[in-house]
Amino acid sequence: MTLAIVGAGAMGEALLGGWIGSGIDPAEVLVVDASAARVAQVTAHYGVRGVDLAEAAEAEVLVLAVKPYQMPAVLQELSGSIGASTLVVSIAAGVTLAVLEAALPDASVIRVMPNTPALVRKGMAGVMAGSKATPEQVDAVSALMEALGRSVVIPEDQVHALTALSGSGPAYLFYVAEAMIEAGVHQGLSRGAATELVNQAFVGAGAMLSESGHSATELREMVTSPAGTTAAALRALDDHGVRSGILAAVEACTLRSEEMSGL
Ligand SMILES: NC(=O)C1=CN([C@@H]2O[C@H](COP(=O)(O)OP(=O)(O)OC[C@H]3O[C@@H](n4cnc5c(N)ncnc54)[C@H](OP(=O)(O)O)[C@@H]3O)[C@@H](O)[C@H]2O)C=CC1
Ligand SMILES: O=C(O)[C@@H]1CCC=N1
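Residues numbered from 1 in each chain as written. Chains lettered and ligands numbered in written order. Predicted model: local features only at pLDDT ≥ 70, side-chain atom pairs only at ≥ 80, totals over all residues.

Taking an unreviewed UniProt entry as the reference, the protein is identified by name as Pyrroline-5-carboxylate reductase belonging to Tessaracoccus defluvii. UniProt annotates the protein under Pathway (unreviewed entry) with the comment "Amino-acid biosynthesis; L-proline biosynthesis; L-proline from L-glutamate 5-semialdehyde: step 1/1." As recorded by UniProt, the Subcellular location (unreviewed entry) comment attached to the protein reads in full: "Cytoplasm". (UniProt positions renumbered as here; feature names shortened; annotations may be inferred.)

Help me out: how do you make sense of the overall build of the protein in this one?
Looking only at helices and strands, the protein features twelve helices and eight strands. The principal-axis extents of the C-alpha atoms in the protein amount to approximately 65 × 40 × 30 Å. Expressed as a percentage of contacts within the protein between residues at least 6 apart in sequence, the contacts between residues at least 24 apart total 63%. (Helix = DSSP H or I, 4+ residues; strand = E, 2+ residues; numbered from the N terminus. Contact = placed C-beta atoms within 7 Å.)

Just checking my understanding: could you explain the nonpolar core for this structure?
As a rule of thumb, nonpolar side chains are buried together in soluble globular proteins. Counting 58 residues, the largest nonpolar core has V6, L62, V63, L64 and V89 as the members making the most contacts within it. Setting aside its immediate chain neighbours within four residues, L62 contacts A4, V6, A56, A57, T86, V88 and V89. (Core = buried A, V, L, I, M, F, W, Y, C linked by C-beta atoms within 7 Å. Buried ≥ 20, exposed ≤ 12 C-beta atoms within 10 Å, placed from the backbone.)

Sorry, what's going on with the site of ligand 2 here?
Surveying the vicinity of ligand 2 reveals the residues A93, T163, G167 and S168. When its residues are assigned to classes, the shell around ligand 2 shows one nonpolar, three polar and no charged. (Near = placed C-beta within 6 Å. Nonpolar A, V, L, I, M, F, W, Y, C, P; charged D, E, K, R; others polar.)

Explanation requested: the UniProt feature "domain: Pyrroline-5-carboxylate reductase dimerisation" (unreviewed entry) in the protein in the structure shown.
UniProt records the feature "domain: Pyrroline-5-carboxylate reductase dimerisation" (unreviewed entry) for residues 156-260 in the present numbering. This span, residues 156-260, is 82% helix and 0% strand, and a straight line between its end C-alpha atoms measures 14 Å.

Would you mind showing me how to read the sheet that holds strand β7 (residues 123-129) here?
The strands making up a sheet associate through hydrogen bonds between their backbones, and the pairing can be parallel or antiparallel. Strand order across the open sheet formed by eight strands is β3-β2-β1-β4-β5-β6-β7-β8, with mixed pairing between neighbours. Single-partner strands in this sheet number two, and they are β3 (49-50) and β8 (149-153). (Pairing = 2+ DSSP bridges.)

Just checking my understanding: could you explain the pairing of strand β1 (residues 3-6) for this structure?
Side-chain direction in a regular strand flips from residue to residue, so the side chains alternate between the two faces of the sheet. Neither face of β1 is left uncovered, since the one carrying L3 and I5 and the one carrying A4 and V6 both have all their residues buried. Direction of pairing for β1 relative to strand β2 (residues 29-32): parallel, over a ladder of four bridges. Paired with A4 across the bridge in β2 is L30. The pairing of β1 with strand β4 (residues 61-64) spans four bridges and is parallel. When the sheet's bridge partners are listed, V6 is paired in β4 with L64.

Where do I start with the site of ligand 1 in this structure?
Neighbouring ligand 1 are 27 residues; G7, G9, M11, A92 and A93 lie closest to it. By residue number, the principal contributor to the shell around ligand 1 is helix α1 (residues 10-21), which donates three residues. Of the residues belonging to the shell around ligand 1, the class tally is 16 nonpolar, eight polar and three charged.

What is the right way to look at the packing of helix α8 (residues 169-186) against helix α9 (residues 191-211) in this model?
Geometry of a packed helix pair, given as the angle between the helix axes and the separation of the axes. One can describe the packing of α8 onto α9 by two numbers: an axis separation of 9 Å at closest approach and a directional angle of 140°. The pairing of α8 with α9 is recorded here as oblique in orientation. Note that α8 runs across α9; the crossing there is right-handed. Listed contacts from α9 to L173, A177, M180, I181, G184 and V185 of α8 are R191, A194, T195, L197, V198 and F202. Grouping the amino acids of the contact of α8 with α9 by side-chain chemistry returns nine nonpolar, two polar and one charged. (Axes fitted to C-alpha atoms, helices over the stretch in contact; angles between N-to-C directions. Parallel < 35°, antiparallel > 145°, perpendicular 65-115°, else oblique. Left-handed = near helix turned anticlockwise from the far one by under 90°.)

So what exactly am I meant to see when it comes to helix α7 (residues 159-167) here?
Among the nine residues that make up α7, seven are buried, leaving the element largely enclosed by the rest of the structure. Among the residues of α7, those classed as buried are V159, H160, L162, T163, A164, S166 and G167.

Help me understand the domain arrangement of the protein in this model?
One frequent convention defines the size of an interface as the accessible area lost when the parts assemble. Assigned domains of the protein: these are domain 1 (3-155) and domain 2 (169-260). In this structure, domain 1 and domain 2 have C-alpha centres spaced 32 Å apart. Its residues placed into classes, the side of domain 1 that touches domain 2 shows three nonpolar, three polar and no charged. (Domains from an automatic or database assignment.)

Here's what the structure looks like:
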């Protein structure tokens, strides 16, 4: 199966790196990017081939991974050249199946909302079927995303909440990691030592969440001794409104996704 990725940016590279890491033959993967330097970088690193959009349009699966505002130009350029034999997969936030299908009327279209941990094959993706997508095509795209972690098929109206938790979610965790490292430096640790401690705390906590069978609440309680150090820290987080800040962040992300979709 030939697979073309249009847009080798942060998310395009996460998909590319994850797929090559999962064993997909680099010879079957084509990459298009506006920047020749970027194409040179990813082709050298992953052993894939840089092509133009016209050649990419002949691939069996064409993944559109440009920024939402760059999508109209790409769709316009593809409009004459996409036939029924190409499965188009768009990962752009806020670009609806209706918009994609109107621009590419002959194509079978599937929308996906992935996240960057796909690069290390720990991703999560929501998969949304267009009106012409067959169950086999939905299964094929789900399998492609499962090679990068996990996936779930959702109705399109759930994409906003999914984006707010898993599409954008890793950024909130990186933000917390950054703040914790900064806090460690304030407590007198070197930045390198603070980074190592925080990174490993995230690795350990993530593995506990996915492997221990305990809920987040149970795991937090297991760390929190009565009147101990963790209780003092959690109280400070509550006093500073961190929990309500997270609720507000997820709500803002959901609303922005709806707004970008023209809702
Ligand atoms: N980043 C993330 O975590 C996630 C992103 N997404 C979606 O993925 C898409 C890409 O996001 P992201 O990777 O962050 O963005 P980036 O800007 O990092 O990547 C987009 C890439 O596409 C290139 N590009 C622009 N126009 C064209 C064109 N006409 N043909 C080929 N390549 C082009 C850009 O070049 P240049 O920089 O020169 O413009 C850039 O290298 C977005 O639509 C976003 O909504 C979805 C889920 C998660
Ligand atoms: O920030 C964004 O708009 C994209 C979509 C989900 C994650 N990044």
